[in-house]
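Secondary and tertiary structure notes
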Amino acid sequence: MRKVITYTLLVFCSLLFVAPLFWAVTTALKSPQELYLFPPKWLPSVWRFSNFAEAWSIQPFNLFLKNTVIVTLLSTLGQLISCTLVAYGFARFQFKGRDALFLIVLATMMIPWEVTMIPQYMEFNYLGWINTLKPLIVPSWFGSAYFIFLLRQFIMTLPRELDEAATIDGAGKMTVLARIIVPLMGPSLILVAVFHMMSCWNDYLGPLIFLNDQTKYTLTLGLSQFRGMHGVDMQSIMAITCLISIPPLAVFFFAQRYIVGGIATTGIKG
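Below is a short write-up of the structure.

Calculation notes
Residues numbered from 1 in each chain as written. Predicted model: local features only at pLDDT ≥ 70, side-chain atom pairs only at ≥ 80, totals over all residues. Heavy atoms only, no water. Axes fitted to C-alpha atoms, helices over the stretch in contact; angles between N-to-C directions. Helix = DSSP H or I, 4+ residues; strand = E, 2+ residues; numbered from the N terminus. Parallel < 35°, antiparallel > 145°, perpendicular 65-115°, else oblique. Left-handed = near helix turned anticlockwise from the far one by under 90°. Contact = heavy atoms within 4.5 Å. Nonpolar A, V, L, I, M, F, W, Y, C, P; charged D, E, K, R; others polar. Buried < 20%, exposed > 50% of the residue type's maximum accessible area, 1.4 Å probe, protein only. Arc of directions from axis to C-beta. 1 Å grid on protein atoms, 1.4 Å probe; cavity = no way out; pocket = protein on both sides within 12 Å on 5 of 7 lines; lining within 4 Å. Points joined across faces, edges and corners; volume = space filled by probe spheres on them. Patch = residues over 30% accessible without salt bridge, like charges linked within 9 Å, V, L, I, M, F, W, Y side chains within 5 Å. Areas by Shrake-Rupley, 256 points an atom, 1.4 Å probe, with all protein chains shown as cover. Salt bridge = Lys/Arg side-chain N within 4 Å of Asp/Glu carboxyl O.

With that settled, the discussion passes to the packing of helix 7 (residues 145-157) against helix 10 (residues 186-201). Relative orientation of the contacting elements helix 7 and helix 10 amounts to 170°, with a least axis distance of 10 Å. Here helix 7 is positioned roughly antiparallel relative to helix 10, judged by the angle of their axes. Considering the relative orientation of helix 7 and helix 10, their crossing is right-handed. In this structure, helix 7 contributes Tyr-146, Phe-147, Leu-150, Leu-151 and Phe-154 to the contact, and helix 10 contributes Ser-188, Leu-189, Leu-191, Val-192, Phe-195 and His-196. Across the contact of helix 7 with helix 10, the residue classes tally to 9 nonpolar, 2 polar and no charged.

Set out below in structure tokens:
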């Protein structure tokens, strides 16, 4: 009986999460006449798959997609490189003030992005980077406190004997990192990559602040402008929303095994 109640609650909660997505997809396939019927129809009378192509062609979403892919890939690469290097330093090197510096890094997670937004804008404006993709890419090459913490905890679970054996064979610190540590960090690196890719792909406030020219827009900013221009064209809005939701959903679906593995293998050793 307890299992029946548990599965019933799980199915009910699953429906609550799936219903908005299902409604968005069916709305994207409806004709304009079916959008505001009362009582509403869950399924369209005629499945208009042409709505997706028509909505995509209204604005230069191919250009927005290109900008989003560039920002997402370069910033994710920067996060992986910078966070791995910093985490390796905190996990394997002994130096004065290491623990205090690590606490300072962790403390930055308590500072909301809204607090640093204006100083960052002033800095990027001084550098002449406003209305370019650089403000969305370059900060990622300086690491994220949360990802540094995750990778450091994982590296600390790896036995130091691996490093010592490689050092005896003549390997330097960077060789140990590249040929010993990084191959073992696969699940954690995938976890960091997926989390940052999803965050970057869905970022709206950053592009809104730093980008002015439509040719530099990302998908989220293009969708926002699309909604402003076509506020009553609900099926087109839902069509674009569904299309730009496919990549993060696909990435999460195919990487969920590694995500679970990365979280499970990230120790709490301090």
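Now that the structure has been shown, we can carry on.
All of the buried residues along helix 2 (residues 50-58) are Asn-51, Phe-52, Ala-55 and Trp-56. The buried residues of helix 2 occupy an angular sector of 125° when the element is viewed end-on, so they sit on one face. More than 90 degrees from the buried face of helix 2, the exposed residues found are Ala-53 and Ser-57.

The next point concerns the layout of surface pockets. Taken as a whole, the largest pocket encloses approximately 1,000 Å³ of empty space. For the lining of the largest pocket, the secondary-structure elements that each account for two or more residues are helix 3 (61-92), helix 5 (113-127), helix 6 (134-137), helix 7, helix 10 and helix 11 (205-210). Looking at the lining of the largest pocket, the element that brings in the most residues is helix 10, giving 4 residues. A breakdown of the residues in the lining of the largest pocket according to their chemical character gives 15 nonpolar, 11 polar and 1 charged. Taken as a whole, the second largest pocket encloses approximately 150 Å³ of empty space. What lines the second largest pocket is Tyr-88, Arg-92, Phe-93, Arg-160, Asp-163, Glu-164, Thr-167, Lys-173 and Val-176. Those elements that provide at least two residues to the lining of the second largest pocket are helix 3, helix 8 (160-168) and helix 9 (173-184).

With that settled, consider a nonpolar patch on the surface. On the surface, Phe-12, Leu-16, Phe-17, Val-18, Phe-22, Trp-42, Leu-43, Trp-47 and Phe-49 cluster together to form a nonpolar patch covering roughly 1,000 Å² of accessible area. Take Trp-42: it is sitting in the loop between helix 1 (2-28) and helix 2. Among the residues examined, Trp-42 registers a relative accessible area of 45% and is labelled partly exposed.

Let us now look at empty space enclosed by the protein. The tally for this structure, following the rule as stated, stands at 1 cavity of 30 Å³ or more. Taken as a whole, the largest cavity encloses approximately 60 Å³ of empty space. The wall of the largest cavity is formed by Thr-68, Val-71, Thr-72, Leu-136, Cys-200, Trp-201, Asp-203, Pro-207, Thr-218 and Thr-220. Looking at side-chain class alone, the lining of the largest cavity contains 5 nonpolar, 4 polar and 1 charged residues.

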